[in-house]
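Secondary and tertiary structure notes
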Amino acid sequence: MNAIVALCHFCELHGPRTLFCTEVLHSPLPQGASSGDVSGQNEQAEEEEGGIQMSSRIRSHSPAEGASTDSSSPGPKKSDMCEGCRSLAGGHPGYVSHDKETSIKYVSHQHPNHPQLFSIVRQACVRSLSCEVCPGREGPIFFGDEQHGFVFSHTFFIKDSLARGFQRWYSIITIMMDRIYLINSWPFLLGKIRGIIDELQGKALKVFEAEQYGCPQRAQRMNTAFTPFLHQRNGNAARSLTSLTNDENLWACLHTSFAWLLKACGSRLTEKLLEGAPTEDTLVQMEKLADLKEESEGWDGSEEEEKPSAQTDVVEGQELSKCPPETSLMPDCNSWNVAHRRLSVFRSLRHMRQVLGASAFRMLAWHVLMGNQVIWKARDMDLVQSAFDVLRTMLPVGCVRIIPYSDQYEEAYRCNFLGLSPHVQIPSHILSSEFAVLVEVRTATRSSLYPTLFDDEQSLNKYEFVVTSGSPVAADRVGPTILNKIEAALTNQNLSVDVVDQCLVCLKEEWMNKVKVLFKFTKVDSRPKEDTQKLLSILGAAEEDNVKLLKFWMTGLSKTYKSHLMSTVRSPTSSESRN
């Protein structure tokens, strides 16, 4: 994160001062910096925290880098600094941490080396300890502008038995030029900086209580009430923070904390490039994920959770009882099923078409697109699940309701993809219904029913696929437009499987856009039937099969889209515009 974190102090003699700051260096260190590493007793063991090589190795600065001995240094002169205004000793070069993942260096010293950065930090320090103060003088506040940067400041008090009011005033500030990023990081920065402050206050409180126990200052000051206060402190008007906390490694610890803060805050927020509005499939998956999260939060660990469910639960394309608990919050169980399946039996729609045959596949695909119930009867659960994984790619996510495998028949309103074991009896009215299609996977009587397409397809050679329906699709039937385009893509051998998958995505988006128009026209605007027929003609979907397909796909629209349309209709501005 391109920011500077600094610790500031309000000195009773010199006013607001910057005590310690950590900045990010994306470019290599200045020439001569690496050659000045102090070895021997000053070099300690290096540690790694969160990908940062947290090193207490001290780096020697050249005069050009702003050493305190240089008269042109942007920092204040020694004569303008007291013990309370100084963090590192005069010859102390500062601290450096190396992030090996990004080749970024985090450098800490009392003041920034660059004059412009020094001015920005100085101004932020003054404002954080003077005019930009939250109520109570202790807590977080945000201020800044485009020219001098934006600042997140958290002011706090440190106990000091020798200070006026027994406490001294400090602040930790974070400065960066990106206002939106800093505001979005407010909760994270508040929690982490509050933790640093609590640790400092805890250490100082122990020292304060020990000093008060040995020599109570309150009673002593009351006895000398008429003596000027500043002259009664025996020269202890300013005390360093290391003295107040009794921690000689304070600045090294602060460097570690500030460096981690800069790295973690920069890693927690990432930018994503969106090439357009989210698709309906994306919206539906997000809604399913939200519903599953709410449902999981409602689980109380009762006996209902421990007992196996006698009936399979289906939630719009997801079969919860088949998913392991740790993955039940995912928007789709597909990944788990694929990972645990021995091998995907059907690799793609093209592969399934080659296995079933052109006429049988067309009948099956027609029923899938129309929303009719698709029933597979087989002993191999993996084969059934693989078939459903392939067939569902022709439908929007919101139109898919799957029960992968069941020991009893389930009604069509519960699922449009149903897997059954061979011994399950299907009602006779379902077998003769025009709204269902049955695929029976039988054991083949011959060694090979179709030419082997791949070397590892011996598992399919032992099966025979019989597709039946009460309303078989005639070969000369036109069918829905999208089915004809899908078959054209599948038969075109110049198109790879990946290209066909992208064609499916585009076709589904094209027809979902038509569904949106029809939904708004009929359900929201309540137009007459004659106008609806004209609209279908304009959309190129006036044929019977296309109308059925649009009505079925309308059930797959996301709740977000429907509520958006309804809220638009109810708003006064929309009603006025229609009038």
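In short, a report on the structure. (Residues numbered from 1 in each chain as written. Predicted model: local features only at pLDDT ≥ 70, side-chain atom pairs only at ≥ 80, totals over all residues. Heavy atoms only, no water.)

In terms of regular secondary structure, the chain is built from 20 helices and 16 strands. Counting every position in the chain, which comprises 579 residues, the buried fraction comes to 46%. The long-range fraction of contacts in the chain, counting pairs at least 24 apart against all pairs at least 6 apart in sequence, stands at 70%. Counting only carbon and sulfur atoms, one obtains 53% of the accessible surface of the chain, whose full area is about 30,300 Å². (Helix = DSSP H or I, 4+ residues; strand = E, 2+ residues; numbered from the N terminus. Buried < 20%, exposed > 50% of the residue type's maximum accessible area, 1.4 Å probe, protein only. Contact = heavy atoms within 4.5 Å. Areas by Shrake-Rupley, 256 points an atom, 1.4 Å probe, with all protein chains shown as cover.)

Moving on, we come to the side chain of His9. Position of His9 among the secondary structure elements: in strand S1 (residues 4-11). Polar side-chain contacts of His9 include one of 3.2 Å to the backbone oxygen of Trp169. Beyond its immediate chain neighbours, meaning those up to four positions away, His9 contacts Gly15, Pro16, Arg17, Leu19, Gly84, Leu129, Arg168, Trp169 and Tyr170. (Polar contact = N/O pair within 3.5 Å; in protein donor to acceptor, adjacent residues only side chain to side chain.)

Look at helix H10 (residues 349-356) against helix H15 (residues 481-491): their axes get within 10 Å of each other, and the N-to-C directions meet at 85 degrees. Taken together, H10 and H15 sit at an angle that is classed as roughly perpendicular. Contacts between H10 and H15 pair Leu349, Arg350 and Arg353 from the former with Glu487, Ala489, Leu490 and Thr491 from the latter. The class makeup of the residues in the contact of H10 with H15 is three nonpolar, one polar and three charged. (Axes fitted to C-alpha atoms, helices over the stretch in contact; angles between N-to-C directions. Parallel < 35°, antiparallel > 145°, perpendicular 65-115°, else oblique. Nonpolar A, V, L, I, M, F, W, Y, C, P; charged D, E, K, R; others polar.)

Here we take up the packing of helix H16 (residues 497-524) against helix H17 (residues 529-539). At a minimum axis separation of 11 Å, H16 and H17 run at an interaxial angle of 170 degrees. Relative to H17, the element H16 lies roughly antiparallel. Note that H16 runs across H17; the crossing there is right-handed. Along its contact with H16, which presents Lys514, Val517, Leu518, Phe521 and Thr522, the element H17 presents Asp531, Thr532, Leu535, Leu536 and Leu539. (Left-handed = near helix turned anticlockwise from the far one by under 90°.)

The subject of this paragraph is the packing of aromatic side chains. Two descriptors summarise a pair of aromatic rings, namely the distance from one centre to the other and the angle between the planes of the rings. Enumeration according to the criterion identifies 14 aromatic pairs in this entry. Ring centres of Phe10 and Trp169 lie 6.2 Å apart, and the angle between their planes is 50 degrees; this geometry places the pair in the tilted category. Of this pair, Phe10 sits in strand S1 while Trp169 sits in strand S9 (residues 167-176); the two residues are 159 residues apart in sequence, bridging distant segments of the chain. Note on Phe166 and Phe208: the rings are 6.2 Å apart at their centroids and 70 degrees apart in plane angle, and the pair reads as edge-to-face. With Phe166 in the loop between strand S8 (149-159) and S9 and Phe208 in helix H3 (residues 186-214), the pair connects residues that are 42 residues apart, well separated along the chain. The pair formed by Phe166 and Phe208 is uniform in burial state, with each residue classed as buried. Here a set of aromatic residues connected by ring pairs shows up, and it is made of Phe346, Trp376, Tyr463 and Phe465. If you follow Lys159 out to its NZ or CZ, it ends over the ring of Phe208, 5.3 Å from the centre. One cation-aromatic arrangement involves Lys514 over Trp511; the distance from NZ or CZ to the ring centre is 4.0 Å. (Phe/Tyr/Trp six-rings, centres within 6.5 Å; stacked < 30°, edge-to-face > 60°. Lys NZ or Arg CZ within 6 Å of the ring centre and 35° of its normal.)

Right, let's get into the environment of Leu129. By the secondary structure assignment, Leu129 is in the loop between helix H1 (115-128) and strand S7 (139-145). On the basis of relative accessibility, which here comes to 2%, the residue Leu129 falls in the buried class. Expressed as a C-alpha distance, the spacing of Leu129 and Phe156, which sit 27 residues apart in the sequence, is 9.9 Å. Beyond its immediate sequence surroundings of up to four residues, Leu129 is in contact with Cys8, His9, Phe10, Pro16, Thr155, Trp169, Tyr170 and Ser171.

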